[in-house]
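Coordinates in review
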Amino acid sequence: MKVRVQQEDFDLTLETDLLRNDPRIGALASFVGVVREVPMTLEHYPGMTERAIAKIVEEARARWQVMDCTVIHRHGALKPGDQIVLVAVASAHRGDAFAACEFIMDYLKTRAPFWKKEETAQGARWVEARASDDAAAERWKQGG
Amino acid sequence: MKVKVRFFASIKEALGRDSEELELPAGVATVAALRAHLRERGGAWAEALAETRRVTAAVNQDMVKPAAAIKAGDEVAFFPPVTGG
């Protein structure tokens, strides 16, 4: 299990290659979040961020068969098209890999202490949390 | 008792500071009480930590509910709802 919070970019292929070293692994699901439309700066709470993500990964491991997992989240200044976050999950079968990957992403959006500040033409503004993100995290509690 | 209070994102900007060491008066023993205590400073404090605003709190780097207890030496953080991912 690998959790990293960093300014630098990441290499999807390199990271997923590192998750294919166990012959029991038959499925590898990955998600990459990308900056859309406007440049932004991502602030976070060093220490708590890593801890919060590690807890989410532990929850995923308790619910699905997760053989290995990598979460990388960037902070600092990012521009449209830049990668923000990677969640990659290795499992024996695709059902567990897909579900755990989506679960980690949904929980990360509502529980990991990151804040986006967009640099719009009208000036900088903090992005508001979205109710749809809360709903996406909430549905996992109902066994969805 | 003494605690460390930290602020992030829009709350940090509104208050013009990211942290402070604070001696709490007797009776301020929960996250909600600390938030109300800071609001009493008025101005930007009353505004940024207003009851009508969604403010998330963490104690020792774990998200907690407003009723969560705080003790001497704790690190208590206040921040807006998170927007990562």
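Just so it is clear, the structure is predicted and the values come from calculations on it, not from any experiment.

Moving on: the overall build of chain A. Along its length, chain A carries four helices and eight strands. Counting from the amino terminus, chain A carries its helices and strands in the arrangement β-α-β-β-α-β-β-β-α-β-β-α. Taken over the C-alpha trace, chain A has a radius of gyration of 15 Å; the compact-globule value for 144 residues is 15 Å, and the two agree within 12%. With respect to the principal axes defined by its C-alpha atoms, chain A has extents near 50 × 35 × 25 Å. Expressed as a percentage of the 144 residues in chain A, the buried residues total 31%.

On to the environment of Glu75 of chain B. Tracing the backbone shows Glu75 of chain B in strand 5 (residues 75–79). Taking the C-alpha atoms as reference points, Glu75 of chain B and Val3 of chain B, 72 residues apart in sequence, are found 6.1 Å from one another.

The next subject is the sheet that holds strand 3 (residues 40–44) of chain A. Residues and elements named next belong to chain A. If you walk across this open sheet you meet the four strands as 5-3-7-8, and the pairing is antiparallel. Each of the sheet's edge strands pairs with one partner strand only, and the pair in question is strand 5 (76–78) and strand 8 (123–126). Between one strand axis and the next, the sheet turns by 25° as a mean value, whatever way the strands run. The pairing of strand 3 with strand 5 spans three bridges and is classified as antiparallel. Paired with Met40 across the strands is Leu78, a residue of strand 5.

Before going further, it helps to spend a moment on the packing of helix 2 (residues 48–63) of chain A against helix 3 (residues 94–111) of chain A. For any two helices packed against each other, the geometry comes down to the angle between their axes and how far apart the axes lie. All names here are of chain A. Where helix 2 meets helix 3, the axes come as close as 9 Å, and the angle between the chain directions of the two elements is 145°. For the pair helix 2 and helix 3, the crossing hand works out as right-handed. Where helix 2 abuts helix 3, its residues Ala52, Ile53, Ile56, Val57 and Ala60 lie against Ala100, Phe103, Ile104, Tyr107, Leu108 and Arg111. Along the lines of polarity and charge, the residues of the contact of helix 2 with helix 3 split into 10 nonpolar, no polar and one charged.

Taken together, the contacts link 22 residues of chain A with 14 residues of chain B. Elements with a minimum of two residues in the side of chain A that touches chain B: strand 3, helix 2, helix 3 and strand 7 (114–120) of chain A. Looking at the side of chain A that touches chain B element by element, the count peaks at five residues for helix 3 of chain A. The class makeup of the residues in the side of chain A that touches chain B is 13 nonpolar, four polar and five charged.

As a further point, take the nonpolar core. Ranked by internal contacts, the top residues of the largest apolar core, which has 50 residues, are Val89 and Ile104 of chain A. If near-sequence neighbours (up to four positions away) are discounted, Val89 of chain A is found in contact with Ala29, Val66, Cys69, Ala97, Ala100 and Cys101 of chain A.

For chain B, mean pLDDT is 97; residues scoring 70 or higher make up 100% of the total. Prediction confidence for the complex, expressed as pTM and ipTM, is 0.93 and 0.94 respectively.

In this section: the pairing of strand 4 (residues 68–74) of chain A. All names here are of chain A. For strand 4, the tally of buried residues reaches six of seven residues, placing the bulk of the element in the interior. Inspection of the sheet shows strand 1 (residues 2–6) paired to strand 4 by five bridges, in the parallel sense. The residue bridging Gln6 from the neighbouring strand is Arg74, located in strand 4.

Another aspect to go through is the sheet that holds strand 2 (residues 27–34) of chain A. Residues and elements named next belong to chain A. Across the sheet, which stays open at both edges, the four strands sit in the order 1-4-6-2 with mixed pairing between neighbours. The sheet terminates laterally at strand 1 and strand 2, the two strands that pair on one side only. Adjacent strand axes in the sheet meet at a mean angle of 5° when their direction is disregarded. The sheet contacts of helix 2 involve strand 1 and strand 4, and relative to strand 1 the element is tilted by about 150°. Strand contacts of helix 3: strand 2, strand 4 and strand 6 (83–91), with the helix running at about 150° to strand 6, the strand carrying the most contacts.

Rules used in this analysis
- Residues numbered from 1 in each chain as written.
- Chains lettered and ligands numbered in written order.
- Predicted model: local features only at pLDDT ≥ 70, side-chain atom pairs only at ≥ 80, totals over all residues.
- Helix = DSSP H or I, 4+ residues; strand = E, 2+ residues; numbered from the N terminus.
- Rg over C-alpha atoms; globule rule 2.2 N^0.38 Å.
- Buried ≥ 20, exposed ≤ 12 C-beta atoms within 10 Å, placed from the backbone.
- Pairing = 2+ DSSP bridges.
- Axes fitted to C-alpha atoms, helices over the stretch in contact; angles between N-to-C directions.
- Left-handed = near helix turned anticlockwise from the far one by under 90°.
- Contact = placed C-beta atoms within 7 Å.
- Nonpolar A, V, L, I, M, F, W, Y, C, P; charged D, E, K, R; others polar.
- Core = buried A, V, L, I, M, F, W, Y, C linked by C-beta atoms within 7 Å.
- pLDDT = per-residue confidence, 0-100.

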